[in-house]
Amino acid sequence: MSLFEEKNDVVNLINETVAREQVIVAGWVRTKRVAKSFSFIELNDGSCLANIQIIVDKETAGAEILNEIQTGAAVHVIGDLIKSLGKGQVWEIHASKLTLIGRCEDSYPLQKKRHSDEFLREIAHLRPRTNKYSAIARIRSRLSFAIHTFFQGEGFHLINTPIITGSDCEGAGEMFQVTTLDPKNTDNDYSSDFFGKKAHLTVSGQLALETYCMALNKVYTFGPTFRSENSNTTRHMAEFWMVEPEMAFANIFDDMNVAEKFVKSIVSTIKTQSAADLNLFAQHVDQGLLERLDNIIESDFIRITYSEAIEILSASNQEFAFKPDWGKDLQSEHERYLTEAHFKKPVFVYDWPIDIKAFYMRRNDDAKTVAAMDLLVPGIGELIGGSAREERLDLLLASMTDKGFSQEDYWWYLDTRKNGSVPHAGFGLGFERLIMLVTGVSNIRDVIPFPRTPKNLEF
Ligand code: 4AD
Ligand code: MG
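What counts as what
- Residues numbered from 1 in each chain as written.
- Chains lettered and ligands numbered in written order.
- Predicted model: local features only at pLDDT ≥ 70, side-chain atom pairs only at ≥ 80, totals over all residues.
- Heavy atoms only, no water.
- Helix = DSSP H or I, 4+ residues; strand = E, 2+ residues; numbered from the N terminus.
- Buried < 20%, exposed > 50% of the residue type's maximum accessible area, 1.4 Å probe, protein only.
- Contact = heavy atoms within 4.5 Å.
- Areas by Shrake-Rupley, 256 points an atom, 1.4 Å probe, with all protein chains shown as cover.
- Pairing = 2+ DSSP bridges.
- Axes fitted to C-alpha atoms, helices over the stretch in contact; angles between N-to-C directions.
- Parallel < 35°, antiparallel > 145°, perpendicular 65-115°, else oblique.
- Left-handed = near helix turned anticlockwise from the far one by under 90°.
- Nonpolar A, V, L, I, M, F, W, Y, C, P; charged D, E, K, R; others polar.
- Near = heavy atom within 4 Å.
- Polar contact = N/O pair within 3.5 Å; in protein donor to acceptor, adjacent residues only side chain to side chain.

A. Spatial organisation of the overall build of the protein. Of the regular secondary structure elements, the protein holds 13 helices and 16 strands. Overall, the protein is about 85 × 55 × 45 Å in size when its C-alpha atoms are taken along their principal axes. When each of the 459 residues of the protein is scored for burial, the buried share is 49%. Counted over contacts in the protein with a minimum sequence separation of 6, partners at least 24 positions apart contribute 67%. Carbon and sulfur atoms make up 50% of the accessible area of the protein, which totals about 22,600 Å².

This is the structure:
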């Protein structure tokens with residue numbers, strides 16, 4: 001058997017009910033304590049937050065290399081799994097054989113216990129070897145699986161929408177261009193470019209997803225999206241992941257119902273499946289975390305129209321840097337007032353002014369608003385943005401003209417409105433913002449392995 005095949009995951013060993021002889025583990029040394037008769041190694045193999053304690057004594061084959069084993073080194077251990085006499089762990093391994101697999105240099109930066117998030121961001125290739133960042137990575141992985149489980153369980157089909165696209169979904173002019181042309185001689189002529197036309201990285205899979213919605217009924221896409229908005233905030237990145245469901249025969253209220261059920265379901269799943277990792281954040285990052293998650297799982301989300309939101313904000317005694325004003329987008333301070341101070345729970349704001357929303361959103365009968373919704377959550381602000389889609393060809397054409405979209409470029413999108421068009425709705429949830437919500441981590445750069453932000457592309 002290979003080492004890979006014969007080794008045990010520590011997550012399984014710490015849950016054993018009986019002692020075992022001759023177990024094998026392999027991982028990275030977190031700390032080492034050398035004493036006269038016994039030495040201790042805290043080993044982490046990434047399968048869980050917990051380390052396993054290794055006891056090395058004079059009988060252990062390879063004990064003589066102990067002084068070469070530094071924090072951060074990779075080792076392989078064979079030994080007996082026995083009840084621990086020490087505090088803090090049930091099991092430990094009494095090593096019969098210790099092998100050094102990969103040395104670690106003296107300059108290894110994680111020998112020191114505490115580092116700032118800012119410093120760790122500069123060594124993003126090493127930060128998953130800390131408790132906090134390995135826990136974030138495991139939670140991220142679990143959440144991703146929970147998202148698929150939820151939608152698959154509700155009868156949605158996964159559609160892989162394209163990353164390279166010829167169309168702008170949000171129309172916010174925040175697209176990265178994809179080109180093989182020499183940047184010096186474009187002259188806005190893309191006929192000799194790779195695709196023979198201007199191409200971009202997608203800002204959202206929605207438009208492509210809608211075409212599949214008109215065939216498969218309930219669909220979702222979950223992938224990376226790219227936005228060149230030059231904002232250096234703790235909630236925006238140039239590359240982030242988005243989950244987008246799209247539902248045929250659904251209206252804006254169905255949209256909010258699915259979004260609420262979805263958020264509650266994945267938060268509750270992660271609370272049980274990642275309890276040990278989440279506890280780390282509840283203890284060290286955000287004391288109110290578990291209570292906040294329960295609040296999300298148990299409370300009915302508030303639903304107010306944009307106009308009601310403006311009334312509440314205007315009537316409040318809060319000093320806002322930006323005065324709430326009907327027709328203008330909500331600022332993050334407004335979002336946070338509504339969800340953190342006023343309602344103290346998640347809030348859907350729906351029926352937004354036409355002029356500040358995307359071309360595809362369904363026009364309401366008042367001719368002033370569209371059936372769009374944002375979900376605002378405590379600590380984050382906007383978590384979800386979605387809408388009913390304009391399924392009526394004449395109104396969609398009017399909206400495209402108003403917002404300067406060319407009918408020629410979107411012929412395929414318009415074609416779906418000419419052939420079997422039905423009311424439909426969907427939304428997009430920012431995956432990193434969800435991880436921030438679930439962990440209490442306050443900077444979005446810390447919940448994705450390699451963050452991409454303005455002037456920052458180290459790895
Ligand atoms: O509100 P947005 O722009 O909606 C759309 O793109 C729709 N086409 C989605 C749909 O209806 N299918 O983005 C959706 C969510 C936001 O609510 C936010 O959580 C997240 O994506 N998001 C970002 N996350 C990180 N960095 C950024 N720059 C983000 N921009 C949006
Ligand atoms: Mg939005």
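Further notes follow.
B. Structural context of the sheet that holds strand E14 (residues 369-377). Pairing is mixed across the open sheet formed by eight strands, whose spatial order is E6-E10-E11-E16-E15-E14-E13-E12. Two strands bound the open sheet, and with one partner strand each, they are strand E6 (157-158) and strand E12 (302-305). Where strand E10 (residues 218-226) meets strand E11 (residues 239-248), nine bridges bridge the pair, whose relative direction is antiparallel. From the neighbouring strand, Phe-226 faces E11, where its bridge partner is Glu-239. Where helix H13 (residues 431-439) meets the sheet, it contacts E10, E11, E14, strand E15 (381-388) and strand E16 (424-430), and its direction lies at approximately 60° from that of E16.

C. Broad picture of the packing of helix H5 (residues 206-216) against helix H12 (residues 411-418). Closest axis-to-axis distance for the H5/H12 pair is 10 Å, and the angle between their directions is 30°. Relative to H12, H5 is oriented roughly parallel. In the crossing of H5 with H12, the sense of the turn from one axis to the other is left-handed. Two secondary-structure elements touch here, H5 through Leu-207, Ala-208, Glu-210, Thr-211 and Met-214 and H12 through Trp-412, Tyr-413, Thr-416 and Arg-417. The residue makeup of the contact of H5 with H12, split by class, is five nonpolar, two polar and two charged.

D. Geometry of the site of ligand 1. Around ligand 1 lies a shell of 25 residues, among which Glu-170, Gln-206, Glu-229, Glu-244 and Glu-382 are the nearest. At 3.0 Å, a side-chain N or O of Ser-204 approaches a nitrogen atom of ligand 1. Between a nitrogen atom of ligand 1 and a main-chain N or O atom of Phe-427, the distance comes to 3.4 Å. Here ligand 1 has 620 Å² of accessible area as a free molecule, and 94% of this is covered by the chains. Only E11, E15 and E16 provide two or more residues apiece to the shell around ligand 1. Among the elements that make up the shell around ligand 1, the one with the highest residue count is E15 (five residues). Residues that form the shell around ligand 1 fall into these classes: nine nonpolar, eight polar and eight charged.

E. Geometry of the side chain of Thr-202. Locating Thr-202 in the fold gives a position in the loop between strand E9 (199-201) and H5. Excluding residues that lie within four positions of it along the chain, Thr-202 makes contacts with Pro-162, Ile-163, Thr-165, Pro-224, Thr-225 and Phe-226.

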